[in-house]
Amino acid sequence: MVDVERVIDCQHELGEGPIWHGAESALYWVDIRGKSVERYEPASGHRRSVRFQTAVTALGLRAENGFVVATENGFAIWDGASVSLDVIAHPKRDEAGVRFNDGGVGPGGEYWAGTMYEGPEVADTPDGRLYRLDAERRVTEMERGLTISNGIGWSPDRHTMYVTDTLPGIIYAYDYDAEAGEIENRRVLIQVPEGEGFPDGLTVDSQGCIWSARWGGSKVAKYSPSGELLDELSLPVPHPTSCAFGGEELNQLYITSAWMALDEAQRAHYPLAGDVFRADVGVRGLPAHTFRG
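Residues numbered from 1 in each chain as written. Predicted model: local features only at pLDDT ≥ 70, side-chain atom pairs only at ≥ 80, totals over all residues. Heavy atoms only, no water.

**Q** Looking at this structure, how should I read unusual backbone geometry?
**A** Of note in this structure, S25 is not a glycine but carries a positive phi near 50 degrees. When you line up the elements, S25 lands in the loop between β2 (15-21) and β3 (26-31). In this model, A261 sits at a positive phi of 80 degrees, which is unusual for a non-glycine residue. Position of A261 among the secondary structure elements: in the loop between β23 (252-257) and α1 (264-269). (Helix = DSSP H or I, 4+ residues; strand = E, 2+ residues; numbered from the N terminus.)

Structural data, given as structure tokens:
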């Protein structure tokens, strides 16, 4: 059994999107409901929180400095320190309940992020979109018909892109062209069985295996590049949300979580819900790609 430790007591309502900043030896992540970006240095234990007027839902490293981010409304640049964002575009439709969700930088240096609908009819509204922001800061709609556009990642050989559609429990694979930033040939790679929770954020390790946080499943599931379930990492919280490899050797898996959707009794039963966890899972991750824009 792999030991999982709680490393950050933060009690975030919707902790999400961890990313390891190698140059700073620091972990970044977001609390979507708290409208904050969080930073943690494992070596010193130092933490910092930056709160914004709008929710930041996902982060990506920039090649120059700072971050490209998805906000609830679209895309922006953040310098990594201030409480202001340099807005690039707001492609989101002007519809109540629609917001951006997860995102990631591709091997070609472009940034991807998708939308979701948070209203009561979300299960009957498969109208989530997936957008690409290129280095020239042009936004292109690349996919539609998703429920909750979620965890995004790429294979080590740069030929395959993974996109999660949470409510139907699917992780799709696409053929990916890093030079053109194009995707095609969507197919179902992983179908999570009913009752096993919902796939949320994901990361890919150096061997090409996919690690997918399972909302409502109290676990992170490890899959082979062909979609075979290889292992499961149990967690003491019901809603793990995403994961990323970090540490100096990229050999530690950091996992965010949420207490959102838990009632008072459930929160008492799961006192660590919303915290950040870490596990040594015996494999290294891949360095984060950087946005060229």
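Moving on from the model shown.
**Q** I would appreciate a short explanation of the pattern of salt bridges in the present structure.
**A** Should the charged atoms of two oppositely charged side chains come close, the side chains can pair. Taken as a whole, this structure holds 20 salt bridges when the rule is applied. A salt bridge links R129 to D127, with the nearest nitrogen and oxygen atoms 3.2 Å apart. Overall, R129 belongs to the buried group, its relative accessible area being 10%. According to the relative accessible area criterion, D127 is partly exposed, its value standing at 26%. In this structure, D175 engages R187 in a salt bridge whose closest nitrogen and oxygen atoms are separated by 2.9 Å. Of the two residues, D175 sits in strand β16 (residues 170-177) while R187 sits in strand β17 (residues 182-191), which places them 12 residues apart along the sequence. Owing to a relative accessible area of 30%, R187 belongs among the partly exposed residues under this scheme. Each of D127, R129, E141 and R144 takes part in one network of salt bridges that share partners. (Salt bridge = Lys/Arg side-chain N within 4 Å of Asp/Glu carboxyl O. Buried < 20%, exposed > 50% of the residue type's maximum accessible area, 1.4 Å probe, protein only.)

**Q** What is the right way to look at the side chain of R39 in this model?
**A** Within the secondary structure, R39 is located in strand β4 (residues 36-40). At 3.0 Å, the side chain of R39 and the side chain of E24 are in polar contact. Ignoring sequence-local partners within four residues, the contact set of R39 consists of E24, A26, L27, Y28, W29, H46, R47 and R48. (Polar contact = N/O pair within 3.5 Å; in protein donor to acceptor, adjacent residues only side chain to side chain. Contact = heavy atoms within 4.5 Å.)

**Q** Help me understand the sheet that holds strand β22 (residues 240-246) in this model?
**A** Paired through backbone hydrogen bonds, the strands of a sheet run either parallel or antiparallel to each other. Pairing in this open sheet of four strands is antiparallel, and the strands run β1-β24-β23-β22 from one edge to the other. Looking along the sheet, the strands with just one partner apiece sit at the ends: β1 (4-8) and β22. This sheet shows a mean twist of 30 degrees between the axes of neighbouring strands, independent of strand direction. (Pairing = 2+ DSSP bridges. Axes fitted to C-alpha atoms, helices over the stretch in contact; angles between N-to-C directions.)

**Q** What should I look at first to understand the packing of aromatic side chains in this one?
**A** For any pair of aromatic rings, the description rests on two quantities: the centre-to-centre distance and the angle between the ring planes. Enumeration over the complete set of coordinates arrives at nine aromatic pairs. Ring centres of Y28 and F67 lie 4.7 Å apart, and the angle between their planes is 55 degrees; this geometry places the pair in the tilted category. With Y28 in strand β3 and F67 in strand β7 (residues 67-71), the pair connects residues that are 39 residues apart, well separated along the chain. Taking the relative accessible area as the measure of exposure, Y28 reaches 2% and is therefore buried. F67 gets classed as buried once you look at its relative accessible area, which sits at 1%. An aromatic cluster is present here, built from Y28, F52, F67 and W78 joined pairwise through their rings. Across from the ring centre of Y172, 4.1 Å away, lies the NZ or CZ of R186, which sits over that ring. (Phe/Tyr/Trp six-rings, centres within 6.5 Å; stacked < 30°, edge-to-face > 60°. Lys NZ or Arg CZ within 6 Å of the ring centre and 35° of its normal.)

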